[in-house]
Amino acid sequence: MKQNLTVEEARQIMLAAARPLPVERVDLLSALGRVCAADIAADMDIPPLDNSAMDGYALQAADTVAAAADGPVRLRVVDEVPAGARSEHVLAAGETVRIMTGAPIPDGADAVVRREWVDERDPREIALRKPVPPGSEIRRTGEDVRRGAVVVPAGTIINPATVGMLASVGRPFVTVAARPRIAVLATGDELVDFGEVPENGCIRNSNSYSLAALVYDAGGIPLLCPRVGDRAADVRAALERVLGADIVMTSGGVSYGDYDFVREVIRELAGELLFWKVATKPGRPLAFGVIGGTPVVGLPGNPVSVMVSFEQFVRPMLRKMAGMPAETWLPVRCRALAGEDLPANGNRRHYVRGVVRVREDGRLEAVATGVQGSGILSSMAAGNCFIVVPADSPPIDRGTPVTVEFFPGRTPEPFYC
Ligand code: AMP
Ligand code: MG
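Draft legend 1. Main features of the environment of Ile138. Assignment of secondary structure puts Ile138 in strand β11 (residues 138-139). Note on Ile138: relative accessible area 11%, which makes it buried.

This is how it looks when you write it as structure tokens:
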């Protein structure tokens, strides 16, 4: 068994064990956030015909070349066309058709002038004091999408605009990768649920809920299992029951304690542990094995550690299983200026919980969220990023660029002084 891996080594092993899931057909709104499994092509041109970009008047541009401030050109209003209708009139020289945004351009017209630019006091004619260039304010057939063009390529993560595209090309259903089902199994004799008042050294179980929320947030389906006590037989039985999941996550019981049985149970059921311990702070005790094809991640017990380990390892696996392209598996990183001095680091990469803000000068600045113990869940709740301090880093002075990883879906906060 490998031990004390770097994040990258551990992640590689875990990603290799994560296989993309089969596809399923869902309605277009349920496809939001999921990955399109096959190219989707347009069934027609969009827009389907030349139409007006403005409320105004369709005309022949050649009629307007002589228009001037002191010599207006007058055109006869011969018809009116709202959106969703068509003018039967074929426009001749000297004529104009009153037209609404989105209405088809009448035959014979080659430009539109917006209402604001014409004198329309007389409903039977308009006066123009400026020439209208040919093609003005006309949205051309197929200028958005050509018939047959791929509008949503396979591998696209479907966003609200994509949902709109699917509707535009007449696709109420779409084939997407399945959502990974992830079992969440908290271990610990000390755990009570939120409905109880913990006594005699007990604590409330938070990991089951933070992890289930992370699974939701990552687009998976959490299966919340009842908590399991610290007995090897109970852990084994509980694990075996949920092996039908796409990933099983446990929390607690993977460290050095006398009652830490999870690691041993995973080893026993998997045949071997693929690794134990990664060089991160928090989150060092992490055990990983594959039981009958199901990746089983033995996360640490501390409330911050589970979340750090989820972001570094489980979310990437989940994204791979959900068919997401490889470049989207890892946390989004950028550089920010340290907003305070950071102490020297030991031999494990430190994921300091921080807040990235946009300063008044537009640069990003990151500050830690106070006390940083692996049990300080409030440090995570207050943050929007990890400040990634490399192993063996010397002290970092305020103002030095550092690497930050955004918590998914969180953006920098504005800076208020
Ligand atoms: P362990 O690795 O099982 O020794 O757990 C490490 C620490 O995390 C201990 O202080 C546990 O009480 C705490 N812990 C374990 N599981 C949970 C949980 N589900 N919710 C909150 N804290 C937990
Ligand atoms: Mg425990």
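Draft legend 2. A look at empty space enclosed by the protein. A full pass over the atoms with the stated rule returns one cavity of 30 Å³ or more. Within this model, the largest cavity holds a volume of roughly 30 Å³. Together, Glu311, Gln312, Pro331, Phe386, Glu405, Phe406, Phe407 and Pro408 line the largest cavity. In the lining of the largest cavity, the residues fall into five nonpolar, one polar and two charged.

Draft legend 3. Highlighting the pairing of strand β19 (residues 275-278). Bridge analysis of strand β1 (residues 2-5) against β19 gives three bridges, and the strand direction is parallel. Residue Gln3 lies in a different strand from β19, and its bridge partner there is Trp276. Two strands pair when backbone bridges link them, and β19 and strand β21 (residues 287-291) are joined in this way by two bridges, in the antiparallel orientation. Considered in β21, the bridge of Phe275 is made with Phe288.

Draft legend 4. Representation of helix α5 (residues 262-270) in the model. Where α5 is concerned, the buried positions are Val262, Val265 and Ile266. For α5, the angular spread of buried residues about the axis comes to 100°, placing them on one side. The elements touched by buried residues of α5 are α4 (232-241), β18 (247-251), β21 and β22 (294-299). Directly after α5, the chain includes Gly271, whose backbone phi takes a positive value near 90°.

Draft legend 5. Geometry of the pattern of salt bridges. Taken as a whole, this structure holds 22 salt bridges when the rule is applied. Here Arg267 and Glu264 are joined by a salt bridge, their closest N and O atoms 2.6 Å apart. Within this pair, Arg267 and its partner Glu264 are both found in helix α5, separated by three residues, close to a single helical turn. Given the relative accessible area of 36%, Arg267 is considered partly exposed. For Glu264, a relative accessible area of 39% translates into the label partly exposed. Note that Glu405 is salt-bridged to Arg333, the shortest N-O span being 2.9 Å. Of this pair, Glu405 sits in strand β27 (residues 401-406) while Arg333 is found in strand β23 (residues 333-338), placing the two residues 72 residues apart along the sequence. With relative accessibility at 3%, the residue Glu405 sits in the buried group. Look at the salt bridges and you will find they share partners, linking Glu80, Arg98, Arg115 and Glu120 into a network.

Draft legend 6. A look at the environment of Leu191. One can find Leu191 in strand β15 (residues 191-192). Leu191 sits in the buried class, given a relative accessible area of 11%.

Draft legend 7. Representation of the sheet that holds β1 in the model. Ordered by their spatial adjacency, seven strands build an open sheet running β1-β19-β21-β22-β18-β14-β17, and the pairing between neighbours is mixed. Each end of this open sheet is capped by a strand with a single partner; those strands are β1 and β17 (221-224). When strand polarity is set aside, the average angle formed by the axes of neighbouring strands in this sheet is 20°. Lying on the sheet, helix α3 (residues 207-217) is in contact with β14 (181-186), β17, β18 and β22; it crosses β17 at an angle near 160°.

Rules behind the numbers
Residues numbered from 1 in each chain as written. Chains lettered and ligands numbered in written order. Predicted model: local features only at pLDDT ≥ 70, side-chain atom pairs only at ≥ 80, totals over all residues. Heavy atoms only, no water. Helix = DSSP H or I, 4+ residues; strand = E, 2+ residues; numbered from the N terminus. Buried < 20%, exposed > 50% of the residue type's maximum accessible area, 1.4 Å probe, protein only. 1 Å grid on protein atoms, 1.4 Å probe; cavity = no way out; pocket = protein on both sides within 12 Å on 5 of 7 lines; lining within 4 Å. Points joined across faces, edges and corners; volume = space filled by probe spheres on them. Nonpolar A, V, L, I, M, F, W, Y, C, P; charged D, E, K, R; others polar. Pairing = 2+ DSSP bridges. Arc of directions from axis to C-beta. Contact = heavy atoms within 4.5 Å. Salt bridge = Lys/Arg side-chain N within 4 Å of Asp/Glu carboxyl O. Axes fitted to C-alpha atoms, helices over the stretch in contact; angles between N-to-C directions.

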